[in-house]
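Chain and residue survey
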Amino acid sequence: MKSFTDERVENYLYAMLPQREPVLQEMERQAKARDIPIVGPAVGRLFYQYARLINAKTVFELGSAIGYSTIWWAKAVGEGGTVHYTDGSRKNADEARGYFEQAGVADRIQIHVGDALEVLSERKEEFDIVFNDVDKHDYPRVFNMAAARVRKGGLFISDNALWSGSVAYAAGNPDLANSAEPDKYAKGVVEFNRLLYSSKDWFTTIVPLRDGVAVALRV
Ligand SMILES: C[S@@+](CC[C@H](N)C(=O)[O-])C[C@H]1O[C@@H](n2cnc3c(N)ncnc32)[C@H](O)[C@@H]1O
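Below is a short write-up of the structure. (Residues numbered from 1 in each chain as written. Predicted model: local features only at pLDDT ≥ 70, side-chain atom pairs only at ≥ 80, totals over all residues. Heavy atoms only, no water.)

1. Describing the site of the ligand
Counted only if it meets this: The rule for a residue being near a molecule or strand is that one of its heavy atoms must lie within 4 Å of it. The term polar contact refers here to a pair of N or O atoms within 3.5 Å; inside protein, the definition further demands a hydrogen-donor-capable atom paired with an acceptor-capable atom, and it admits residues adjacent in sequence only when both atoms are side-chain atoms. Secondary structure is summarised from DSSP: a helix means a run of H or I of at least four residues, a strand means a run of E of at least two, and numbering begins at the N terminus for each. When residues are sorted by character, Ala, Val, Leu, Ile, Met, Phe, Trp, Tyr, Cys and Pro go into the nonpolar class, Asp, Glu, Lys and Arg into the charged class, and all the rest, Gly among them, into the polar class.
In the region of the ligand, 19 residues are neighbours, and V39, S69, D87, A116 and D133 sit closest. Interatomic distance of 2.8 Å between a side-chain N/O atom of D133 and a nitrogen atom of the ligand. At the level of elements, α4 (68–77) and α6 (116–122) are the ones that each hand at least two residues to the shell around the ligand. For the shell around the ligand, the class distribution of residues is nine nonpolar, six polar and four charged.

Okay, structure coming up:
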């Protein structure tokens, strides 16, 4: 899992987490073995907590891979809730479907294969939560779509808001002037964070857990 915080603090935080159910543990093993970038259990719990805090019943997820974060959302919305899974890979979606069945949440997850931004743009309804985890250079584009798709009082949540700390380089910190040129992903995340914090539509906090989670309340 991607992380930039002090390793000892990170280990401490993860050692405290209660055991996950077997299917989540299996997905964590798969992610580690196959280098699949899942949010992991500490952030999964944060998602669950935020969703329960606002009594979320509908979640739209952009970028779902094998469906690890999707299962945390699905558990949080409970029976009768709906979570939209999106990924560009049919293979990922097929694997995810198997995990959803094992976790007993398949009936509350709608699977969409294709470009997540296109799938979202085809929807007309508002969601309680939109969760953004697509390729990072697309984050500003997702920002432009999100305000119309999240209900007032709902949440727009994005992973990798600190992008391994490289946002500090990409933001043009003079202390880091001799560092390597930031790539399009770091630039995308910096622009995204700037947009979020300067927008009147959102009240934003970046939670520096793992790789940074941007949590924006629709106001
Ligand atoms: C970081 S992973 C998602 C991890 C997942 N949210 C989790 O924590 O379990 C991002 C996934 O989104 C897919 N992806 C990236 N950009 C996408 C896009 N525009 N449309 C659909 N899928 C996309 C990637 O191929 C990858 O499978």
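Next comes the rest of the write-up.
2. Examining the sheet that holds strand β5 (residues 150–159)
How we decide: At least two DSSP bridges between two strands are needed for those strands to be called paired. Axis definition: a line fitted to C-alpha atoms, over the contacting stretch in the case of helices. Angles run 0 to 180 degrees between N-to-C directions. In this description, contact between two residues means that some pair of their heavy atoms is separated by no more than 4.5 Å.
Here we have seven strands laid out as an open sheet, ordered β3-β2-β1-β4-β5-β7-β6, and mixed in their pairing. In this open sheet, the two strands that pair with only one neighbour each are β3 (109–113) and β6 (202–207). On average, each strand axis in the sheet is inclined to that of its neighbour by 15°, with strand direction left out of account. Where strand β2 (residues 82–87) and β3 come together, five bridges link them in parallel fashion. Bridge pairing in β3 places Y85 opposite I111. Along the sheet face, helix α7 (residues 139–146) touches β1 (58–62), β4 (127–132), β5 and β6 and points at about 170° away from the line of β5.

3. What to know about the pattern of salt bridges
Formally: Salt bridges are counted wherever a side-chain nitrogen of Lys or Arg sits within 4 Å of a carboxyl oxygen of Asp or Glu. Remark: exposure states derive from per-residue accessible area (1.4 Å probe, protein chains only) relative to the maximum for the residue type, with buried under 20%, exposed over 50%, and partly exposed in between.
One pass over the structure, following the stated rule, counts 12 salt bridges. For the salt bridge of E26 with R29, the shortest nitrogen-to-oxygen distance reads 3.1 Å. Of this pair, E26 and R29 both sit in helix α2 (residues 22–34), three residues apart, roughly one helical turn. A residue is classified by how much of its surface remains accessible, and E26, at 25% relative accessible area, is partly exposed. Close ionic contact of K136 with D133 constitutes a salt bridge, the shortest N to O distance being 3.0 Å.

4. Let's talk about the environment of S89
Looking at where S89 falls in the secondary structure, it is placed in the loop between β2 and α5 (90–103). A relative accessible area of 23% places S89 in the partly exposed class. Expressed as a C-alpha distance, the spacing of S89 and D115, which sit 26 residues apart in the sequence, is 9.3 Å. A distance of 3.3 Å separates a polar side-chain atom of S89 from the backbone nitrogen of K91.

5. Description of the side chain of T70
Inspection of the secondary structure assignment puts T70 in helix α4. For T70, a relative accessible area of 0% puts it in the buried group. With residues near it in sequence (within four places) discarded, T70 still touches E61, S64, V83, Y85, F100 and I109.

6. Looking at the nonpolar core
The test is simple: By nonpolar core is meant a set of buried Ala, Val, Leu, Ile, Met, Phe, Trp, Tyr and Cys residues that side-chain atoms within 4.5 Å join together.
With 42 residues, the main nonpolar core has M27, F47, I71, W73, I129 and I157 as its most contacted residues. Among the elements of the structure, α2, α3 (40–53), α4, β2, α5, β4, β5 and β7 (213–218) are those that each provide at least two residues to this core. The biggest single contributor to this core is α4, with seven residues. Ignoring sequence-local partners within four residues, the contact set of F47 consists of V39, S69, W73, F131, I157 and V213. If you look at the next biggest cluster of nonpolar residues, it comprises 31 residues, including L120, F127, V130 and A170.

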